[in-house]
Structures are given as C-alpha cells and as structure tokens.
Amino acid sequence: MFQYYFLLGLRSLRRNPALTALLVLTLAVGVAASIATLTILHVMSGDPIPLKSDRLFVPNLDNGPLAGYQPGDDPNDEQLSWRDVRNFLDSKVGERRTALYGVAAPVESERADLGVFSARGEATSADFFPMFDAPFRHGRPWSALEDRSAAPVIVLTSQLAARLYGDESPVGRQLRLGGNAYQVIGVLDKWTIVPRFHRIVGVNGGAFGDEPEYYLPLTTSLQRQLGRNGSSGCTSDPGPGFQAFVDSECTWLQFWFEMASSRDRSSLQSYLDSYAAEQRKLGRLQRHAPNKLYNVREWLEFQKVVGNDNKLSAWLAFGFLLLCLVNTIGLLLAKFSVRAPEVGIRRALGASRRDIFYQFLLESTVVGLAGGLLGLLLAFGALALIAMQSKELTAIAHMDWIMLLSTFALAVAAAIAAGLLPTWRACQVTPALQLKSQ
Amino acid sequence: MAHPILSALWRNKTGPLLVATQVALSLAILANALYIVQVRQAVSARPSGVAHEQQVFHVEVRRMGVGTSQDEIAQLHRETATLRAVAGVQSAAGTTQAPLNRMGNYGGLTTDRKQLVSQANTTNYSVADSVIQTWELKLVAGRDFLPDEYVDIDVRTSTDAARVAIVTQALARKLFPGVDNVVGKTIYNGTGATTRAMQIVGVIERLQTPAGQIDERGEFSTILPARLTGYGGGYYTVRAEPGQRDRVMKEVETALRAASPTPLIVRTKSMEEYRIERYRADTAMAWMLVTVSVLLLLITASGIVGMASLWVTQRRKQIGVRRALGARRVDILRYFLAENFMITSAGVVAGVLLGLGLNQLLVSQLEMTRLPAGYLVTGAVLLWLLGVGAVYGPAWRAASISPATATRSA
C-alpha cells in the first residue's frame, strides 16, 4: 500500500503544476535558508577537539592595578603576562602546559623567484604539539630540552613547506627568518581545526582566521626578540625595549593547561588560587579578583566565537521557515480541497478515514522530499555565496553529512507537519454529500 | 457591506487565519529586518574624517633586520622622499596606523596626574609628517604641528614622548566636558605620578580609530608628532591625484623596492579596501536581510494569491448567483478586495504585536536597540499594498464570472 500511495503522490505532483511548483519552491526556499544558517552555526559552534575539550583549561588572573578597581569589574585582560606564564610553565601542574603568542617576521627563501615575504607564526613551547594532537608529516616537534636551551629550530606547516621547498622534505634545512637562521626539524600535515581555538585573542579573523605558517620555541623567539603579532594590554608604561615589555605586567600570552581528566579541574583551581595568594605576598595581583578557568567550550563561549550576527541569522531563517510552513499549509489545503469528490468515492467504496489519512500524508511527504531535494541545491548555492564573502567564511560555509541528512529530515518533517491539517480536513469529507453533488 | 463578509469569514476560518498568520509573521520579521539593515548601513556610512578616501592608500614596508635609530630615521626620510617623487602622489606621510586598518595602539588618557582611572581610552597616531595635510582633516581649533615639535623616539631604548598633541572633537568633549576651547590644555598619557604631560595644540573635527568602534569611542583619536623607530619597517599613508590611485599604488611599490639596496617587503592597500574589510560583516548581514525580506514578501504574496484563487473557485456558483441577482462586476471586485483588506488588517495588528515581541527578544538576547515605530508603520503599509496587489488578480477573475454560471449545475 505504501508503494501505491507513494506513486499516487508522485503522480499528483503533476496534477496542478503551478500549485505544485509553488508548494515545492516555498518549502525549498524555507528549508535552504534555515539549513544554510544552521550549517554555519553548527560549524562555528563545533567542538574542535572533542576528546580533550573538557580537560584543556585556559587560566585567567587579574593583574590590573588596584586603583579605581571595584569588586565585580571585568578583569584587566584575557591574556597573561610573561611572569605568570613562566611560573605556570615551570609549575608541573597537570599533564601538559603550553603558552603561545603570535609572531611575524620576513622569511628569506632560497628560491630566487619567491624573494622575501612576510609570514605569520606562533611562538610556543614543546607541549603544544602533543597537547593539541598536531599531526606531523615529516620530522618531529622540538623537545623540552630544546625549549630550555632556546634552540634555533622551527616547525613549518605543510603550506609554507610546500611554498618554500616544494614536495621534498625540508627537515634539516636552514631557514632564515627575521634575519636569523633556524633549522627546520619538522613539517606538519594538513591541520584544519574549526574553530581554531588555541589562540583567539588578538588574532586577525579570530577563531576562523588563517592558520599560522610556522611554529618556533617561545624561549628562542623571546631571546631573539622576534616581532610580536597580536594584541597586548599594558596598564602602566613598561619602559623602552623588548625585554622591559617581557618583564612587565603587560598581558600578551595565551596559556593552556592539560589535565589528566575533567575531574582535575578543582585541583587546578586550587593550584591557581594558591598561586595567586603567593603572588599577592610579593605585592602582585592586588585586586583579589576571582581566578578563573575555562575549558575549551567555555572559552569559545566566553570569546563569543559564535557572534550575535550568526544567532540573529539563524533565528531569522527559522522565522522564515515558519512563514513558509504556514504558506505550505494554505497551499496544501487548496490542493486537497479540490479532491473532495475523489475522497468521497474512495470512502463510499469502503476506504476508512485512516486509509485516506495515510494516503494524503504520504502525498505531503512526497512534496517534502521534492522540497528537500531542491532545498539542498539552494542551500549549496547559498553556502557558496556566503563562502565568497570572506576568507574566514570559506572555512565555515561547508556542509557535512549531518547537515545533509538534517536538510532532508527538516524538509520532510516540515511537509508532514504542514500536511497534517489539510489531511485531517480531507478526511472529514462526508461521502454521501460528495456523491450527491456529482 | 462589512457584515456579510465577516460572517462568511467566520463560517470558514482556516484559510483566512492562515493568510493573517502569514501577514503577521512577514510584518514582524520585515520591520525588524529593515531596522537592522538601516542600523548597519548607518554604521558603515560613518565618515572616517579622511577627505576623499578613494584617493588614499597605505604602504607597509618591512626590512630584513632592525637597524639603529639613526639608520631607521634616515630610511624613513628616504622612503618618504621616494614616495613623494612618484608621479601622481599629492602627499605622503609616515604614520603608525590609519583609520579602519584594524591595527592600532590604544591607551588611557587623564586630565590630572591625581586621577586614578583614565578618563577616556584613545588611539595614538604617531606621525612623522602632517597627516592633517595628507588626510585633509578639518582643523576646528588651534594649529597643526610645527616642524620642531616632531621628536625621534626609539622604542627599544628611549622613554621620550611627544610633548604636544592634536585631539578629535569627540575626545576633547569627553576629556573636558563643557569646555569650549581645549587648545592649550594639558593631558596625560596613562595614570600615576610619572605619566607624560602633553599640551593640546589643535582640535580636528573628526578622525576615526583603526578599530572604528560603533559607539563614541570610534572617534577618540590623538595625533602625536613622533617618528618611532625600532620596528624594522615603516608605514606610510599616501594621497594620489584623483583617479590615479591604482596606478600610483603599483608604481609606489616598484619605486620603493628599486630605491632600497636591501630586499624589502612592500605591501599597499587602499583605504577603500580597509573600509570594505572593516564593514564586511555588516554589509553581508544587510544583504542577507534584504534577500530574506524580498523572499518573505514574495512568499506571502504567493500565499495570498493561492488562497484567494481557491476561494474564487469555491464560490464560482455563489458569485454567479450574485451577479444574476444584479450585482455589478465592481461589487464582486470590491467584495474580494474588502475581504482581503480585513484579513490583512487582522494580520497587520497581530504583526505589530509580534514585531514588538520579536524586537524585545532581540534587545534582551542579542544586544540590539529598540525598534522605532516608523518601521512597523512602513511594514504595515507595505503589507497592505502587497495584500491588495496580490488579491487583485483573483478578484478580477471573480468579477469576470458570468451571471450565467448560476444557471448551470455544479
């Protein structure tokens, strides 16, 4: 019976082409709009590191000046000073610890045709690679020992390696960066993380900005005073020079703790509190503000990775879908109402109300499927349009299997929901009345 | 006239209810969407203070290493001279940042050393030459910097700072509320006893910050006469002759590279590009809202056409009877138009309430501002017109039904 009703449904699509086209189009447009915005929301709010997101933590201390501070005010900054970062790195708390900041320096290529170009990277510590599961194509990350000795080593991303050296492995080659030589010890594999959560504060494009092109040890870049590329906050004049800035209370580094499990959060919190108490004895952190911890999801939330505009678009799209649904109900009512004589005959010949209900609901489903198919095409088109807007959006506007299936599910569910009232109305037909007027 | 229509509607509520719901939803979304579009448009249309922006572009130069302060000052002068020598360049100046380029230095200002909290957060344009000339900023009080006021500061070793400053009108008002003439007043960079004092020598009408914040802070700018060295590079802003910008941009790059004995990284970007990038999200949002609004109206119109056609089909016989009993075509037409007007009006009333509710939700959840009544009125008028326009076709077809229909069965 299912098959037969399904075929009937397909056939009835042809019965009133203008009405059917309008029905399918309305549904498709509504579904496409909501799926396109939902896809973006889904990708933006995705968990970038599902296995570890609840045990990676960003610590936040408030090292702002006490003068003019009211309890409950926002903390001075979301980044940390080198003083605190150095102490955290030395602390042995948790499984791994890493700090990072952005650098930018001119790269001198051995290839004459490339000349010099500016490349952005990140200065970080050895734990960065295992902590964030960075995949290596060639070579290795640097070791804690190389961190301590401020070794002149560098890890390249696959893009920068390909640009500089082509297909061959550059491990062991020397690369000149900002006027200094570095030994290439590793090349990362393609490493796409959306949202890019490691360093969001002060990055152009935020969590959807460009991937850094190389990584080098924090200690090395501090020693060589490599140019910073990112935001920093100073509440007092740090004095002249790079070293004075590094030693000051200026905040410019991003820090991450990796704990063995999410249950270790309280022990990390108590470490942070006792650390802050200790620093207070040295005359720092006089604001006595609460010391905060954020896991990956909380950090993304706090950094407003999903902006208000994205939420607004999604709400709007669903409002629009609702309107399309109301329209579909009306159109289905129109479509079914002209079939009252047919229902009358079927009922007179012994079909139960249930049968009629089943038949008309399947017909709505067919409309839903057609709308879903067209909606999918429109959604792909809409996403392509959105991706063209900017580089950041290109990383976000792509559809995965979950969204693909959701599109169909949404379209069919919407059609069935819209079909309920017209179907019910169709079942109310009194056979005798219909037969009489024939 | 109204009574028979109402009682007919009452007999068959579902269809009219659906149409009214559509009108209400459309109006609620439309009014809010139009308002957001207008807000975004207003934000991205704010003037930066730079006159004739389409003539202005910026040049970023990076050198291989960082030289001594003297070297860098010499390079600054050489590069500025090279820029000015390019045909079609009207003016060029060294600066640390530019409006809307989204990279800038910000700091707190006070008007008294005893103050604990800074009074305003300003952005600092450290300039090597007169940007008042290059950007054609409008000086409303005081004067531009004198040549001997420019100081050389090496950020690696020097604690020196500029002693004079030019501020924007917005910043002057924030720092000295109620004071008419701030020229000659002293301001301090930061808080505490050791902060540097600067004397205001001029006030400009407007200069946006590199971030271009959407509130008053977007115009809290200070210009300082200071040539900063120690970065291993330079940043220049250039005004080209009208219509020459794109050519000049290319030639400037070549000229700078040719004039340098060592390899240089030179990048140019027009102010227009910076503006587009700064407001990209707002523009995209506005376009999306406009697209959705148009689709919204189309869907609603199609819904009205569809339902009205259905009613006309269902009432063929009644219309025929009415016509046979003496109703003119215009009566039938008027009937359907009046019916539609009533349904649309019910939808509009519900839509105004729904729109206010939706706006309330946006205000509380997404940091938006309250919807002015004008948008609801505009939206309502638009939907009334749409309703009449959409129903006109089916109503005309109804009016064309021949009285003879009444005599035929079924």
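All figures in this text were calculated on a predicted structure; none of them were measured in a lab.

K.L.:
Help me understand the domain arrangement of chain A in this model?
P.N.:
Interface size is commonly expressed as the accessible area that is lost once the parts come together. All names here are of chain A. Domains assigned within chain A are domain 1 (2–45 + 307–437) and domain 2 (56–302). Each side of the interface is counted separately: domain 1 has five residues, and domain 2 has five residues. Taken together, the elements giving at least two residues each to the side of domain 1 that touches domain 2 come down to helix 2 (17–44) and helix 14 (391–396). Sort the elements by how many residues they give to the side of domain 1 that touches domain 2 and helix 14 lands first, with three residues. A breakdown of the residues in the side of domain 1 that touches domain 2 according to their chemical character gives four nonpolar, no polar and one charged.

K.L.:
I'm lost on the interface of chain B and chain A in this one. Help?
P.N.:
Between chain B and chain A, the contact holds 42 residues from the first and 40 residues from the second. Looking at the side of chain B that touches chain A, the elements with two or more residues in it are helix 2 (14–44) and helix 8 (280–314) of chain B. At 14 residues, the largest contribution of residues to the side of chain B that touches chain A is made by helix 8 of chain B. Looking at the side of chain B that touches chain A, its residues break down into 23 nonpolar, 15 polar and four charged.

K.L.:
It is not clear to me how the confidence of the model for chain B should be interpreted in this structure. Could you clarify?
P.N.:
Mean pLDDT over chain B: 89, with 99% of residues reaching 70 or higher. Among the prediction metrics, the complex's ipTM stands at 0.81, with pTM recorded as 0.83.

K.L.:
Explain the sheet that holds strand 12 (residues 264–270) of chain B to me, please; I cannot follow it from the model alone.
P.N.:
Pairing between the strands of a sheet comes from backbone hydrogen bonds, and it takes one of two forms, parallel or antiparallel. All names here are of chain B. Across the sheet, four strands lie side by side as 2-11-1-12; this open sheet has antiparallel pairing. Because the sheet does not close on itself, it has two edges, and the strands there are strand 2 (89–94) and strand 12. Strand-to-strand, the axes of this sheet are offset by a mean angle of 20 degrees, without reference to chain direction. Strand contacts of helix 7 (residues 271–278): strand 1 (56–63) and strand 12, with the helix running at about 70 degrees to strand 12, the strand carrying the most contacts.

K.L.:
How should unusual backbone geometry be read in this particular structure?
P.N.:
Residue Pro 195 of chain A follows Val 194 of chain A across a cis peptide bond; omega there is -10 degrees. Residue placement: Pro 195 of chain A occurs in the loop between strand 7 (180–188) and strand 8 (214–217). Look at Leu 100 of chain B: it is not a glycine, yet its phi comes out positive at around 70 degrees. Tracing the sequence through the fold places Leu 100 of chain B in the loop between strand 2 and strand 3 (106–110).

Scoring rules and cut-offs
Residues numbered from 1 in each chain as written. Chains lettered and ligands numbered in written order. Predicted model: local features only at pLDDT ≥ 70, side-chain atom pairs only at ≥ 80, totals over all residues. Domains from an automatic or database assignment. Contact = placed C-beta atoms within 7 Å. Helix = DSSP H or I, 4+ residues; strand = E, 2+ residues; numbered from the N terminus. Nonpolar A, V, L, I, M, F, W, Y, C, P; charged D, E, K, R; others polar. pLDDT = per-residue confidence, 0-100. Pairing = 2+ DSSP bridges. Axes fitted to C-alpha atoms, helices over the stretch in contact; angles between N-to-C directions.

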